[in-house]
Number of protein chains: 6
Amino acid sequence: MAKVRLINYGEAPPAARAVFDDIMATRDSDYVNNIWRALASHPPLLGRFWKLMKEVMVRPSRLDPMTKELVYLAVSITNNCEYCINSHIAAARAKGMDDAILGELNEIVALANAGNRLAMGYQVEVDERFKTRFADKPWKAPRKMKKRKAQAGGRRAKRG
Amino acid sequence: MAKVRLINYGEAPPAARAVFDDIMATRDSDYVNNIWRALASHPPLLGRFWKLMKEVMVRPSRLDPMTKELVYLAVSITNNCEYCINSHIAAARAKGMDDAILGELNEIVALANAGNRLAMGYQVEVDERFKTRFADKPWKAPRKMKKRKAQAGGRRAKRG
Amino acid sequence: MAKVRLINYGEAPPAARAVFDDIMATRDSDYVNNIWRALASHPPLLGRFWKLMKEVMVRPSRLDPMTKELVYLAVSITNNCEYCINSHIAAARAKGMDDAILGELNEIVALANAGNRLAMGYQVEVDERFKTRFADKPWKAPRKMKKRKAQAGGRRAKRG
Amino acid sequence: MAKVRLINYGEAPPAARAVFDDIMATRDSDYVNNIWRALASHPPLLGRFWKLMKEVMVRPSRLDPMTKELVYLAVSITNNCEYCINSHIAAARAKGMDDAILGELNEIVALANAGNRLAMGYQVEVDERFKTRFADKPWKAPRKMKKRKAQAGGRRAKRG
Amino acid sequence: MAKVRLINYGEAPPAARAVFDDIMATRDSDYVNNIWRALASHPPLLGRFWKLMKEVMVRPSRLDPMTKELVYLAVSITNNCEYCINSHIAAARAKGMDDAILGELNEIVALANAGNRLAMGYQVEVDERFKTRFADKPWKAPRKMKKRKAQAGGRRAKRG
Amino acid sequence: MAKVRLINYGEAPPAARAVFDDIMATRDSDYVNNIWRALASHPPLLGRFWKLMKEVMVRPSRLDPMTKELVYLAVSITNNCEYCINSHIAAARAKGMDDAILGELNEIVALANAGNRLAMGYQVEVDERFKTRFADKPWKAPRKMKKRKAQAGGRRAKRG
């Protein structure tokens, strides 16, 4: 059972309610999943995570919607996230995944998890031909920053 | 070696340059780490991840800066992320972590990774007293959405 | 450095040599990657893993070749397998992946790893609507097996 | 609940039925576990995974049957696979594991998970004496392949 | 359900009973969690793990009690240990964690899991300035050991 | 490179020196691995982790020394701990592991990592026959504790 109460629309603070509204509008649905209701216990987190999910998974991009779900699922299966496997299998099915594609996905995920351990177990070095070689130059700060730093004089830059 | 070229300030597209500027201003430094230069190979990703990092790790909040770094480190050590361990140990040291605190952190991380496997290996059930019990009510959509759905008639809501 | 010597064609035992031949023929290349040369230290493993890789990743199926590589990569990145990330980024690029798609892949993998932990950290329960409900019936052994078991009399079935 | 229906013997397609028959014959049992019934939703996967399991875990080899199960369990506990922990503890008990050995296994698994994080958290470098040093020579393709490549002329070898 | 019987006080062997007594005394409680009752199936493991938990998590040290629990939780969430997440959220709440801090913790854990994969997915190299440079000298054994080794003559040192 | 300086015998504080002495005596060697020299940066951690390692891995027990190393390795490979894989392959070879056994180990580890994901990806439920059923009774505190609690009156027991 969730470690916080699942917030309902009627009791949500305005910031959370606005996110719930956007979720329903984006999905053209009057349902909001449990995960969003749990995140509403900390509204800034709800807002940030929904924004990210919407921009990365919903907004059209180079990869088609089902492929995105398959990649999301591959990670969720590898990490054994029960909630995520269940909700994203539903999402992938809604985007065209059938039992045969689920079977292919599961087999590639299993094979990759196996292959990863063979490479690790034997500590195999990357083949020379797979190594990328860029003429990476060290970071060169823009003049304006250098000037600013100079003006700041002895003040030591903080690193974060 | 990174799988994309590390972008420098002078060659960055405007969207990436704006993020580089904000990183330097936020940190009051004229240096930009390799991770941001790699992410600049896909500017929308650079923008989103930096925004998140700034809001979660830099903006003042309930947890103090060093504690945040310790939590970030605990995850990075558990996942064995060499880049992250190196950069966030530097960040944590800048916020007050010394060898004794690093020692405590490493021991708690090791202990938790051990304790996790004892609970898993014996498949121990959660104690009744640790289970949270909320009077969770099922999701109740707001009236406006229900009306919208009704108007949409037979059109089936898409779930995403 | 690999924990076994990387076997060369000239010194490989016949079983390993046959696999090397099939790898080169399948890929129409005269090069064999380090991973296969390491696995050749235990020929039965080499034979089985190559057969699997060929049937799952090379043989045409419902998922297109680049999508398969993206799924394989999503797993390898989640597990931080340096060898696999390097070799399968090369493979994915050969099948059409460019920097923008790599950017999308990395962002979905990052997002899924984040989302997985939010669902875990709050211990969110699966929504009723995502639960699958099949009329699963218990296993019913075929008559022939039952007969065989009956003939075997008191001999207890071994479970493996 | 499983994300596909658990196939029963009577409804299984011939390819799946043949695997079910082999599972029962190999184990001298008329029972087939849930995992195989789930994999039967994609028969090629069922066939390949059972073949592998049989060759690696059932066929006699250098490691004795209980040790194999302990290694399988160590992985399953580290990955927190509930299904696998339950079924392979049953298998290991059938091969001689008692509570004391389970206790030893769980403690080594916990200790290794802890020790792994100490080495990672401090980023300890491998001792010179543990590094393997083989006179690894670069891959040298057999003459026949070179000839074939030469005949193919300008046709560039594809890497897979 | 646990894979061993949960031992009760009345039936515990003396070694386990002494640990139960110490747990109750240390926590000033007459309750012993399920994990300790499961570990009691192998008393040496129970004794060692409790001793460690007490010295690392209970004994006062540089990090305050709530911070220690947050670090323990960050690991448990990353590893998806249901038992540990439930019991240590209870422990953290008892030490002052509220919903807002739990929200911050979950967001940092999610962010770190994401950031880890971006660094891995792009295989970003550690910045020169984050690399630690110690004048590490090779191990120099004390004279007494050298003498002992010399006396032992040809007897080869065993490495463990 | 390690994130702390590797402590040498001559400069170690007495607590660390005593552990170094015990490591060398236990292993009958005048060499101390890098991991112990790194842990010496926080002597209490060094003492506790060495004690555990000695009691669990060195002290004779039901499992033979090579099997213990194989279990330790299975975990280290699954977690991709470079330091641990290198040092424990050396340890396992010293206890009898050859290339064929390493091959078997790596294949079982790969197979288990694959099998784990098939069970997770399909969310297969544990077979009824693999579920353990113990007549677990709730915790019953000893009379002496109950009396103590009664005497403490309103003082609330702290849970840790």
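In the block above lies the structure referred to throughout.
Residues numbered from 1 in each chain as written. Chains lettered and ligands numbered in written order. Predicted model: local features only at pLDDT ≥ 70, side-chain atom pairs only at ≥ 80, totals over all residues. Heavy atoms only, no water.

Caption draft 1: Geometry of the overall build of chain A. The number of helices and strands found in chain A is seven helices and zero strands. From first element to last, N terminus to C terminus, chain A shows the α and β order α-α-α-α-α-α-α. Radius of gyration (C-alpha) of chain A: 23 Å, far over the 15 Å computed for a compact globule of 160 residues. Overall, the C-alpha framework of chain A stretches about 55 × 50 × 30 Å when taken along its three principal axes. Within chain A, the proportion of its 160 residues that are buried is 61%. Contacts in chain A between residues far apart in sequence, at least 24 positions, make up 46% of those at least 6 positions apart. For chain A, the exposed area adds up to about 6300 Å²; of that, 54% sits on carbon and sulfur atoms. In chain A, 29 side chains carry a positive charge and 17 a negative one; their mean positions are 19 Å apart. (Helix = DSSP H or I, 4+ residues; strand = E, 2+ residues; numbered from the N terminus. Rg over C-alpha atoms; globule rule 2.2 N^0.38 Å. Buried < 20%, exposed > 50% of the residue type's maximum accessible area, 1.4 Å probe, protein only. Contact = heavy atoms within 4.5 Å. Areas by Shrake-Rupley, 256 points an atom, 1.4 Å probe, with all protein chains shown as cover. Lys, Arg positive; Asp, Glu negative; His and termini not counted. Charge placed at Lys NZ, Arg CZ, Asp CG, Glu CD.)

Caption draft 2: Representation of the packing of aromatic side chains within the structure. Applying the stated criterion to the full structure yields 29 aromatic pairs over all chains. Pairing A:Trp36 with A:Trp50 gives two aromatic rings, centres 5.3 Å apart and planes at 90°, and the pair type is edge-to-face. Separated by 14 residues along the polypeptide, A:Trp36 in helix 2 (residues 34-39) and A:Trp50 in helix 3 (residues 43-58) bring together distant segments of the chain. The class for A:Trp50 is buried, based on a relative accessible area of 3%. With a centroid separation of 6.3 Å and an interplanar angle of 90°, the aromatic rings of E:Trp139 and F:Tyr9 are classed as edge-to-face. Note that E:Trp139 is positioned in the loop between helix 6 (99-121) and helix 7 (143-152) and F:Tyr9 in the segment before helix 1 (14-27), a pairing that runs across two chains. According to the relative accessible area criterion, E:Trp139 is buried, its value standing at 13%. Grouping aromatic residues by their ring pairs yields a cluster made of A:Tyr9, A:Phe20 and B:Trp139. A cation over a ring is seen here: A:Arg129 above C:Tyr31, with NZ or CZ 3.5 Å from the ring centre. (Phe/Tyr/Trp six-rings, centres within 6.5 Å; stacked < 30°, edge-to-face > 60°. Lys NZ or Arg CZ within 6 Å of the ring centre and 35° of its normal.)

Caption draft 3: How the structure looks around the interface of chain E and chain B. Contacts between the two partners involve 66 residues from chain E, matched on the other side by 66 residues from chain B. Carbon and sulfur atoms supply 71% of the area that chain E and chain B bury against each other, a total of about 6100 Å² over both sides. Across the pair E:Arg62 and B:Asp98 runs a salt bridge whose closest N-O atoms are separated by 2.8 Å. Breaking the side of chain E that touches chain B down by element, the ones donating at least two residues are helix 2 (34-39), helix 3 (43-58), helix 4 (65-79), helix 5 (82-94) and helix 6 of chain E. At 17 residues, helix 6 of chain E tops the list of elements feeding residues into the side of chain E that touches chain B. When its residues are assigned to classes, the side of chain E that touches chain B shows 38 nonpolar, 17 polar and 11 charged. (Buried area = accessible area lost by both parts, 1.4 Å probe. Salt bridge = Lys/Arg side-chain N within 4 Å of Asp/Glu carboxyl O. Nonpolar A, V, L, I, M, F, W, Y, C, P; charged D, E, K, R; others polar.)

Caption draft 4: View of the relation of the copies chain E and chain B. Between chain E and chain B, which share one sequence, the superposing operator has a rotation angle of 180° and an axial displacement of 0.0 Å; the RMSD is 0.0 Å. Such a turn and shift between the copies fits a two-fold axis. Looking at chain E, 100% of its interface residues are interface residues in chain B too, so the copies touch through the same face. (Least-squares fit on C-alpha atoms with pLDDT ≥ 70 in both.)

Caption draft 5: Main features of a negative patch on the surface. Residues A:Glu125, B:Glu82, C:Glu82, D:Glu125, E:Glu125 and F:Glu82 make up a contiguous surface patch of negative charge. With respect to the element layout, B:Glu82 can be found in helix 5 (residues 82-94). (Patch = residues over 30% accessible without salt bridge, like charges linked within 9 Å, V, L, I, M, F, W, Y side chains within 5 Å.)

Caption draft 6: Spatial organisation of unusual backbone geometry. Although it is not a glycine, A:Gln123 sits at a positive phi angle of roughly 50°. Along the chain, A:Gln123 turns up in the loop between helix 6 (99-121) and helix 7 (143-152).

Caption draft 7: The interface of chain A and chain C, seen in detail. Between chain A and chain C, the residue contacts involve 66 residues of the former and 66 residues of the latter. Between chain A and chain C, a total of about 6100 Å² is buried, with carbon and sulfur atoms accounting for 71% of that surface. Put simply, chain A and chain C have two salt bridges between them. Joining chain A to chain C, the criterion identifies 26 residue pairs in polar contact (both at pLDDT 80 or more). Taken together, the residues of the side of chain A that touches chain C break down into 38 nonpolar, 17 polar and 11 charged. (Polar contact = N/O pair within 3.5 Å; in protein donor to acceptor, adjacent residues only side chain to side chain.)

Caption draft 8: Molecular detail of helix 4 (residues 65-79) of chain C. Residues and elements named next belong to chain C. Between its first and last C-alpha, helix 4 extends 21 Å over 15 residues, near the 21 Å set by a 1.5 Å rise per residue. Most of helix 4 is tucked away, with 14 of its 15 residues classed as buried. Positive phi appears at Asn80, one or two residues downstream of helix 4, with a value of about 60°. (Expected span 1.5 Å × (residues − 1).)

Caption draft 9: Highlighting the relation of the copies chain A and chain C. Between the two copies, chain A and chain C, the superposition gives an RMSD of 0.0 Å; the rotation angle is 180° and the shift along the axis is 0.0 Å. Here 100% of the contact residues of chain A are again contact residues in chain C; the copies associate through an equivalent surface.

Caption draft 10: Local environment of empty space enclosed by the protein. In this structure the tally under the stated criterion is six cavities of 30 Å³ or more. What the largest cavity holds in volume is close to 420 Å³. Around the largest cavity, the lining comprises 27 residues; the ones closest to its centre are B:Asn79, C:Asn79, D:Asn79, E:Asn79 and F:Asn79. Its residues assigned to classes, the lining of the largest cavity shows three nonpolar, 18 polar and six charged. (1 Å grid on protein atoms, 1.4 Å probe; cavity = no way out; pocket = protein on both sides within 12 Å on 5 of 7 lines; lining within 4 Å. Points joined across faces, edges and corners; volume = space filled by probe spheres on them.)

Caption draft 11: Focus on the packing of helix 3 of chain A against helix 3 (residues 43-58) of chain B. At a closest axis distance of 12 Å, the pairing of helix 3 of chain A and helix 3 of chain B adopts a crossing angle of 175°. Viewed along their axes, helix 3 of chain A and helix 3 of chain B adopt a mutual orientation that is roughly antiparallel. Between helix 3 of chain A, through A:Arg48, A:Leu52, A:Glu55 and A:Val56, and helix 3 of chain B, the contact on the second element is made entirely by B:Arg48, B:Leu52, B:Glu55 and B:Val56. Its residues assigned to classes, the contact of helix 3 of chain A with helix 3 of chain B shows four nonpolar, no polar and four charged. (Axes fitted to C-alpha atoms, helices over the stretch in contact; angles between N-to-C directions. Parallel < 35°, antiparallel > 145°, perpendicular 65-115°, else oblique.)

Caption draft 12: The arrangement of the environment of A:Arg48 in detail. Structurally, A:Arg48 can be placed in helix 3. Judged by relative accessible area, A:Arg48 falls into the buried class, the value being 16%. For the pair A:Arg48 and A:Ala12, spaced 36 residues apart in sequence, the C-alpha to C-alpha distance is 16 Å. Leaving out residues up to four positions away in the same chain, A:Arg48 has contacts with B:Leu52, B:Glu55, B:Val56 and E:Glu107.

Caption draft 13: Structural detail: the packing of helix 4 (residues 65-79) of chain F against helix 5 (residues 82-94) of chain F. All names here are of chain F. For the pair helix 4 and helix 5, interaxial distance at closest approach is 9 Å and the crossing angle is 160°. Considered as vectors, helix 4 and helix 5 are oriented roughly antiparallel to each other. Where helix 4 crosses over helix 5, the handedness of that crossing is left-handed. Touching Met66, Glu69, Tyr72, Leu73, Ser76 and Ile77 of helix 4 are Cys84, Ile85, His88, Ile89, Ala91 and Ala92, all from helix 5. Partitioning the contact of helix 4 with helix 5 into residue classes produces nine nonpolar, two polar and one charged. (Left-handed = near helix turned anticlockwise from the far one by under 90°.)

Caption draft 14: Geometry of helix 1 (residues 14-27) of chain C. Residue and element names in this part refer to chain C. Taking 1.5 Å of rise per residue, the 14 residues of helix 1 would be expected to cover 20 Å, and the 20 Å separating its terminal C-alpha atoms lies within 8% of that figure. Buried within helix 1 we find Ala16, Val19, Phe20, Ile23, Met24 and Arg27. Each buried residue of helix 1 sits inside an arc of 135° when the element is viewed along its axis, so together they form one side. One or two positions beyond helix 1, positive phi appears at Asp28, with a value near 50°. (Arc of directions from axis to C-beta.)

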